[in-house]
Amino acid sequence: QVQLVESGGGLVQAGGSLRLSCAASGRTFSNYAMGWFRQAPGNEREFVAAISSGGLITYYTDSVKGRFTISRDNAKNTVYLQMNSLKPEDTAVYYCAARGYLGQSYNYAPSYDYWGQGTQVTVSS
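In this report, we go over the structure that sits alongside the text.

## Observations concerning the side chain of Asp 90
Part 1 of the reasoning: Position of Asp 90 relative to the elements: it lies in the loop between strand 8 (78-83) and strand 9 (92-99).
Part 2 of the reasoning: Residue class for Asp 90 comes out buried when judged on its relative accessible area of 1%.
Part 3 of the reasoning: Here Lys 87 takes part through its backbone nitrogen, which lies 2.8 Å from a polar atom of the side chain of Asp 90.
Part 4 of the reasoning: Dropping the residues within four chain positions of it, Asp 90 is found in contact with Arg 38, Arg 67, Phe 68, Ser 85, Val 121 and Val 123.

Written out as structure tokens, the structure reads:
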């Protein structure tokens, strides 16, 4: 089992920044690829970013490229999502998730084995 706890969400004005953190416990964190997903009211959960277990490979959805950065610190068992130039359409509950390998289905939510409880991000216009 892997337990994931997100933090760092909040209310920010458009153009502002937030950094989300996801702390992991349980099994060896460095063995897992990690992803960030988000879900706005009435919408399906959508992929945001993913990172390989060693941190060398990253993927982003097109709408956040150049604005968001995913990173990880395996010594601290933590994955981060730095969000800059935030837009009102980024408003959602953000979830981190873990899976055993990155693979081709990195943007497919059901392929992830473990999930955090989510943290709310609200961007005002």
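From this point, the discussion proceeds with the structure in view.
## Some points on the state of the cysteines
Part 1 of the reasoning: Going through the model one piece at a time under the given rule, you end up with one disulfide.
Part 2 of the reasoning: The disulfide partner of Cys 22 is Cys 96, and the gap between their sulfur atoms is 1.9 Å. When the S-S torsion is 50°, as for the bridge of Cys 22 with Cys 96, the disulfide is right-handed. Residue Cys 22 is located in strand 3 (residues 18-26), and its partner Cys 96 is located in strand 9; the two are separated by 74 residues in the primary sequence.
Part 3 of the reasoning: When its relative accessible area of 1% is taken as the criterion, Cys 22 is described as buried.

## Notes on the sheet that holds strand 7 (residues 68-73)
Part 1 of the reasoning: Read from one edge of the open sheet, four strands run 1-3-8-7, paired in antiparallel fashion. Two strands in the sheet have a free side with no partner beyond their single neighbour: strand 1 (2-7) and strand 7. This sheet shows a mean twist of 15° between the axes of neighbouring strands, independent of strand direction.
Part 2 of the reasoning: Where strand 1 lies against strand 3, six bridges are found, and the strand directions are antiparallel. Bridge pairing in strand 3 places Ser 7 opposite Ser 21.

## Some remarks on the environment of Val 5
Part 1 of the reasoning: Within the secondary structure, Val 5 sits in strand 1.
Part 2 of the reasoning: With 69 residues separating them in the primary sequence, Val 5 and Asn 74 have C-alpha atoms 15 Å apart.
Part 3 of the reasoning: When near neighbours in sequence (up to four residues on either side) are disregarded, Val 5 contacts Ser 21, Cys 22, Ala 23 and Gln 117.

## Overview of the pattern of salt bridges
Part 1 of the reasoning: In this structure the tally under the stated criterion is four salt bridges.
Part 2 of the reasoning: Here Asp 90 ties to Arg 38 by a salt bridge, and the two come within 2.9 Å at their closest N and O atoms. Of this pair, Asp 90 sits in the loop between strand 8 and strand 9 while Arg 38 sits in strand 4 (residues 33-39), placing them 52 residues apart in sequence. For the residue pair Asp 90 and Arg 38, the accessibility class agrees, reading buried in each case.
Part 3 of the reasoning: In this structure, Arg 67 engages Asp 90 in a salt bridge whose closest nitrogen and oxygen atoms are separated by 2.7 Å. Here Arg 67, found in the loop between strand 6 (58-60) and strand 7, pairs with Asp 90, found in the loop between strand 8 and strand 9; they are 23 residues apart in sequence, far enough to count as distant.

Rules of the game
Residues numbered from 1 in each chain as written. Predicted model: local features only at pLDDT ≥ 70, side-chain atom pairs only at ≥ 80, totals over all residues. Heavy atoms only, no water. Helix = DSSP H or I, 4+ residues; strand = E, 2+ residues; numbered from the N terminus. Buried < 20%, exposed > 50% of the residue type's maximum accessible area, 1.4 Å probe, protein only. Polar contact = N/O pair within 3.5 Å; in protein donor to acceptor, adjacent residues only side chain to side chain. Contact = heavy atoms within 4.5 Å. Disulfide = S-S within 2.5 Å. Pairing = 2+ DSSP bridges. Axes fitted to C-alpha atoms, helices over the stretch in contact; angles between N-to-C directions. Salt bridge = Lys/Arg side-chain N within 4 Å of Asp/Glu carboxyl O.

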